Amino acid sequence: MRVIQSLQAMQRQALKWRAERRTIGFVPTMGYLHEGHLSLVRRARRAVGPNGVVVVSIYVNPTQFGPQEDLARYPRDLPRDLQLCRGAGVDVVFTPSDEAMYPGRATGDYSTYVVEEQLSRGMEGASRPTHFRGVTTVVAKLFLLVQPHVAVFGEKDYQQAAIIRRMTRDLNFPLRIVVAPTCREADGLAMSSRNKYLTPEQRQQAVCLYRALCHAREIVRQAPHPVDAHQLRIKLRQEIEARPEARVDYIEFFDPDTLRPQARVMPGHRMALAVWVGTTRLIDNAAL
Ligand code: AMP
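Here is a short report on the structure shown in this document. The structure presented is a predicted model; accordingly, all values stated were derived computationally and were not measured. The numbering scheme is per chain: residues are counted from 1 as the chain's sequence reads. Given that the model is predicted, a residue must reach a pLDDT of at least 70 before its local features are reported, and side-chain atom pairs must reach 80 or more before they are shown or counted; all residues, however, enter totals for whole chains, interfaces and linings. Side-chain measures were taken over the full set of non-hydrogen atoms in the model, leaving aside hydrogen atoms and water.

Points about the layout of surface pockets
Roughly 270 Å³ of internal volume is contained in the second largest pocket. The pocket and cavity definitions rest on a 1 Å grid over protein atoms only: a 1.4 Å probe that fits but cannot leave marks a cavity, an open set with protein on both sides within 12 Å along at least five of seven lines marks a pocket, and residues lining either have an atom within 4 Å of a point. Residue lining of the second largest pocket: 16 residues in total, with Ile 58, Tyr 59, Val 60, Arg 76 and Pro 96 positioned closest to the centre. Grid points are joined across faces, edges and corners, and a volume is the space filled by probe spheres set on the points.

See the structure below:
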């Protein structure tokens, strides 16, 4: 396994692979890897076949964090991440630096961004106004550096995956986007690097996101008519906030393709939610 830091070296390697007709699979991450990330690596490996190559990027992208967010304390453990990537059969780990990715940004000299203008408005975009601009910008840059034929994203970040799909279509990136299912802990909590922030008590309370998704699905599937979103939201919020440290940021019911909010919720719609557990903000989503 090779670790590449330089942008030029990464792009050169990618172009060389392409000249050799080798299929490139790509999994972008912010590191502090867990089983969810590794499931994406396995999915990428399956997509590219035995003669293909798999690249994992590990980069905590500063432009997707708001000024009050957790950029500085985001968990990092590169030696452990490299070990996990080696074990998963990754060919190249790409670890660019901030200076290389955003030249001049510290002095206000970086000025080019990629913005998706529809799907990124609601949910995470409403709570974190500059978040998706950072995501689309870094992913577009990574696509140009890694030149993948296929890139794998997690359904855990459903809105993000939808936005990346849209960006890929709208900007004609010549690659296929694959979205892989959410990996969960035994009690249902979606795996996340941010789970590390939780105290043992908070960790127990954090199952409330998954419980809310399951309860919503049960209600929507058993109802003889579409369910009123407002009423359902109130009920779920009460259940979540019965836990002492859990506070709802949003609960949304939406069309899985357009991400448009739905006032009357039916099977086939999707639910997403963001919940503060203490000072940690967790997200999850599922089909209803
Ligand atoms: P992150 O390192 O959190 O930016 O995530 C990198 C990629 O892993 C994104 O495509 C995420 O959607 C995906 N991912 C994160 N957590 C999970 C999970 N529990 N299951 C599946 N994919 C995940």
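Thoughts on unusual backbone geometry
Despite not being glycine, Arg 21 shows a phi value in the positive range, around 65°. Each residue is assigned to one of three classes by its accessible area relative to the maximum for its type, calculated with a 1.4 Å probe on protein chains only: buried under 20%, partly exposed between the two thresholds, exposed over 50%. Residue Arg 21 is classed as exposed on the basis of its relative accessible area of 71%. Not every positive phi belongs to a glycine, and Asn 172 is a case in point at roughly 60°. Structurally, the position occupied by Asn 172 is in the loop between helix H7 (158-170) and strand S6 (176-180). On the accessibility criterion, Asn 172 (62% relative accessible area) is exposed. Secondary structure follows DSSP: runs of H or I at least 4 residues long count as helices, runs of E at least 2 residues long count as strands, and numbering of each begins at the N terminus.

Thoughts on the site of the ligand
As a structural note, the neighbourhood of the ligand is formed by 17 residues, with His 37, Gly 154, Asp 157, Cys 183 and Met 191 the closest of them. The separation between an oxygen atom of the ligand and a polar main-chain atom of Gly 154 is 2.9 Å. Within the backbone of Met 191, an N or O atom sits 2.9 Å from a nitrogen atom of the ligand. Here the ligand has 480 Å² of accessible area as a free molecule, and 92% of this is covered by the chains. Elements supplying a minimum of two residues to the shell around the ligand: strand S2 (24-29), helix H2 (35-48) and strand S5 (150-154). Top contributing element to the shell around the ligand by residue count: H2, with 3 residues. Amino acids outside the nonpolar list (Ala, Val, Leu, Ile, Met, Phe, Trp, Tyr, Cys, Pro) and the charged list (Asp, Glu, Lys, Arg) are all regarded as polar, and Gly is one of them. For the shell around the ligand, the residue count by class is 8 nonpolar, 7 polar and 2 charged. The near set for a molecule or strand comprises every residue that places at least one heavy atom within 4 Å of it. N or O atoms within 3.5 Å of each other form a polar contact, as long as, within protein, one can give a hydrogen and the other can take it, and as long as residues adjacent in sequence are counted only when both atoms are side-chain atoms. Here the Shrake-Rupley method, with its probe set to 1.4 Å, supplies the accessible areas, and only the displayed protein chains count as covering residues.

Notes on empty space enclosed by the protein
Within the structure shown, the criterion is met by 1 cavity of 30 Å³ or more. Size it by volume and the largest cavity reaches roughly 60 Å³. Around the largest cavity, the lining residues are Lys 156, Leu 189, Ala 190, Ser 192, Asn 195, Ala 206, Leu 209, Leu 282, Ile 283 and Asp 284. Considering each element in turn, the lining of the largest cavity owes the most residues, 3 residues, to strand S11 (residues 280-287). In terms of residue class, the lining of the largest cavity is built from 6 nonpolar, 2 polar and 2 charged.

Things to note about the sheet that holds strand S10 (residues 270-277)
Strand order in the open sheet formed by 3 strands is S8-S10-S11, and the pairing between neighbours is antiparallel. Taken across any chain shown, the strands that pair with only one partner, and hence form the sheet edges, are strand S8 (246-254) and S11. Geometrically, the sheet is characterised by an average inter-axis angle of 15° between neighbouring strands, direction not taken into account. As judged from the 8 bridges shared by S8 and S10, these two strands associate in the antiparallel manner. Note that in S10 the partner of Glu 252 across the bridge is Ala 272. Paired strands are those between which DSSP finds at least two bridges. For helices, the fitted line uses only the C-alpha atoms of the stretch in contact; every axis is such a line through C-alpha atoms, and the angle between N-to-C directions lies from 0 to 180 degrees.

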